[in-house]
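What the coordinates show
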Amino acid sequence: MTASSNSHAPLRLLAVHAHPDDESSKGAATMAMYAASGVDVMVATCTDGSRGDIQNPAVEDEPHPRRDMAGARRLEMERAARILGIRQRWLGFVDSGLPEGEPLPPLPVGSFATLPLHHAAAPLVRLVRSFKPHVILSYDENGGYPHPDHIMAHRVAVEAFDAAGDPARYPEAGEPWEPGKLYYDRAFSPERFRALHFALEEAGLQSPYAERLAAWLESDAEGHTPAPAAHPTTTQVDCGDFFEVRDDALRAHRTQVDPLGFFFAVSPEMQRRAWPWEDYSLISSRVPSELPEKDLFAGLR
């Protein structure tokens, strides 16, 4: 069965994320907008987030996350999902952590990023076949940023997109379903950060993005343009009316997000003026697609 075989069924969107909190920092306004319009939206969270460090100074002395980080993050994820109006499923893997040091230490045995692809992808293939999404969102080959769990989340999302419709692959994972479109999220696109940086400067406010932009632009001797993206933006979803919802969902992840930090440097109103979209790159489409797009379900409606 293919994604376009039943035009009267509700549209369904599946976003594949590495840890609880990633769904609220990448594509959250898009998901909230579609959910509010009647689309069935689900987040697949690959890992339990158990190896995340406390990033919010206000939480540092709280006993729950120090005793049971995975349990604390499960509660945070429940709150964020309610705020966004979405469904969420855990794939059941253990957080790999972010290795540090020179040389880098090995990842913990049995953690998500150490698993064979077939093992890591099987629960997602099963979820795709049961939920039957028309569109899948994930990260690029670099994971959005090179965390080992993000890179593995990319790999399992691509594997599930390719395999879920093939009855010969993962035969134990349910009846085949072929999603229509696969997108990579571009939450950290240089174009967006440059627009927000200039909006802050024009308002006479300090920008936290200068160092990040300088790193992106260092390959250009005159500093005029970001380096070309491996997957350029093809699709911009106008979801600015849901930026406050996105921010509320992100703040729900109290252990991971400082409410005075980087993600909240630009007010939602200023963002709506400077960059009212969330950006995606269409990677694969099994339905006719005309670029650029303004709707992840273009060709499926």
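See the structure above.
Summarised in this report is the structure supplied together with it. (Residues numbered from 1 in each chain as written. Predicted model: local features only at pLDDT ≥ 70, side-chain atom pairs only at ≥ 80, totals over all residues. Heavy atoms only, no water.)

Remarks on the pairing of strand 5 (residues 181–185)
Burial analysis of strand 5 places five of its five residues in the buried class, which makes it a mostly covered element. What you see with strand 5 is no split at all: Lys181, Tyr183 and Asp185 on one side and Leu182 and Tyr184 on the other are buried throughout. Bridge count for strand 4 (residues 135–138) against strand 5 is four bridges, and the pairing is parallel. Each residue of the ladder has a partner; that of Val135, found in strand 5, is Lys181. Where strand 5 and strand 7 (residues 277–285) come together, five bridges link them in antiparallel fashion. (Buried < 20%, exposed > 50% of the residue type's maximum accessible area, 1.4 Å probe, protein only. Helix = DSSP H or I, 4+ residues; strand = E, 2+ residues; numbered from the N terminus. Pairing = 2+ DSSP bridges.)

Examining the pattern of salt bridges
Per the counting criterion, the structure on display carries 14 salt bridges. Between Asp21 and Arg73 there is a salt bridge, and its shortest N-O distance comes to 2.5 Å. Of the two residues, Asp21 sits in the loop between strand 1 (12–17) and helix 1 (22–25) while Arg73 sits in helix 4 (residues 69–84), which places them 52 residues apart along the sequence. A salt bridge links Glu191 to Arg186; the nearest nitrogen and oxygen atoms lie 3.5 Å apart. (Salt bridge = Lys/Arg side-chain N within 4 Å of Asp/Glu carboxyl O.)

Notes on the environment of Val41
Relative to the helices and strands, Val41 resides in strand 2 (residues 40–47). A C-alpha to C-alpha distance of 4.8 Å links Val41 and Leu13, two positions 28 residues apart in sequence. Among all residues touching Val41, those that are not within four sequence positions of it are Leu13, Met31, Tyr34, Ala35, Ile86, Arg87 and Phe131. (Contact = heavy atoms within 4.5 Å.)

Here's the deal with the packing of aromatic side chains
Counted according to the given criterion, the structure contains nine aromatic pairs. On the basis of an interplanar angle of 90° and a centroid distance of 5.2 Å, the ring pair of Tyr209 and Phe262 is categorised as edge-to-face. Taken together, the positions of Tyr209 in the loop between helix 7 (190–202) and helix 8 (210–217) and Phe262 in the loop between helix 9 (243–252) and helix 10 (268–274) put the pair 53 residues apart, joining distant regions of the chain. In this structure Tyr209 comes out as buried when scored by relative accessible area, which is 3%. Phe262 gets classed as partly exposed once you look at its relative accessible area, which sits at 29%. In textbook terms, an aromatic cluster arises when at least three aromatic residues are bridged by ring pairs, as seen for Phe188, Phe193, Tyr209, Phe262 and Phe263. (Phe/Tyr/Trp six-rings, centres within 6.5 Å; stacked < 30°, edge-to-face > 60°.)

Side note on the sheet that holds strand 4
Across the sheet, seven strands lie side by side as 3-2-1-4-5-7-6; this open sheet has mixed pairing. Either end of the sheet is taken by a strand with one partner, and the two such strands are strand 3 (87–93) and strand 6 (235–238). Between one strand axis and the next, the sheet turns through 25° on average, direction left out of account. One ladder, built from four bridges, connects strand 6 with strand 7; its direction is antiparallel. Across the sheet, Gln236 pairs through a bridge with Asp279, a residue of strand 7. Its contacts with the sheet place helix 6 (residues 148–163) against strand 1, strand 2, strand 4, strand 5 and strand 7, and it is angled at close to 170° to strand 5. (Axes fitted to C-alpha atoms, helices over the stretch in contact; angles between N-to-C directions.)

A word on the environment of Trp90
If you trace the backbone, Trp90 turns up in strand 3. Non-local contacts of Trp90, meaning those with residues more than four positions away in its chain, are made with Pro20, Thr45, Thr47, Asp48, Arg73, Arg74 and Met77. A polar contact of 3.4 Å, which involves the side chain of Trp90, links it to the side chain of Gln88. (Polar contact = N/O pair within 3.5 Å; in protein donor to acceptor, adjacent residues only side chain to side chain.)

A few points about the environment of Leu127
Assignment of secondary structure puts Leu127 in helix 5 (residues 117–131). The spatial distance from the C-alpha of Leu127 to the C-alpha of Ala164 is 9.3 Å, given a sequence separation of 37 residues. Every residue in contact with Leu127, bar those within four places of it in the chain, is listed here: Leu14, Met42, Ala44, Arg89, Leu91 and Lys132.

Description of helix 7
Look at helix 7: 18 Å from first C-alpha to last across 13 residues, which is about the 18 Å you get at 1.5 Å a residue. Among all positions of helix 7, only Pro190, Arg192, Phe193, Ala195, Leu196, His197, Ala199 and Leu200 are buried. Gly204 sits one or two positions beyond helix 7 and adopts a positive phi of about 75°. (Expected span 1.5 Å × (residues − 1).)

What to know about the side chain of Asp22
Mapping Asp22 onto the fold places it in helix 1. Here Asp22 falls in the buried class, since its relative accessible area comes to 4%. Polar contacts involving the side chain of Asp22 include one to the side chain of Lys26, which spans 3.0 Å. In terms of polar contacts, Asp22 uses its side chain to reach the side chain of His150, at 3.2 Å.

Some details on the packing of helix 5 against helix 6
Look at helix 5 against helix 6: their axes get within 8 Å of each other, and the N-to-C directions meet at 55°. As the angle between them shows, helix 5 and helix 6 are arranged oblique. Crossing hand, helix 5 versus helix 6: right-handed. Across the interface between the two elements, Leu117, Ala120, Ala121, Leu124, Val125, Val128 and Arg129 of helix 5 pack against Met152, Arg155, Val156, Ala157, Glu159, Ala160 and Ala163 of helix 6. Of the residues contributing to the contact of helix 5 with helix 6, the split by class is 11 nonpolar, no polar and three charged. (Parallel < 35°, antiparallel > 145°, perpendicular 65-115°, else oblique. Left-handed = near helix turned anticlockwise from the far one by under 90°. Nonpolar A, V, L, I, M, F, W, Y, C, P; charged D, E, K, R; others polar.)

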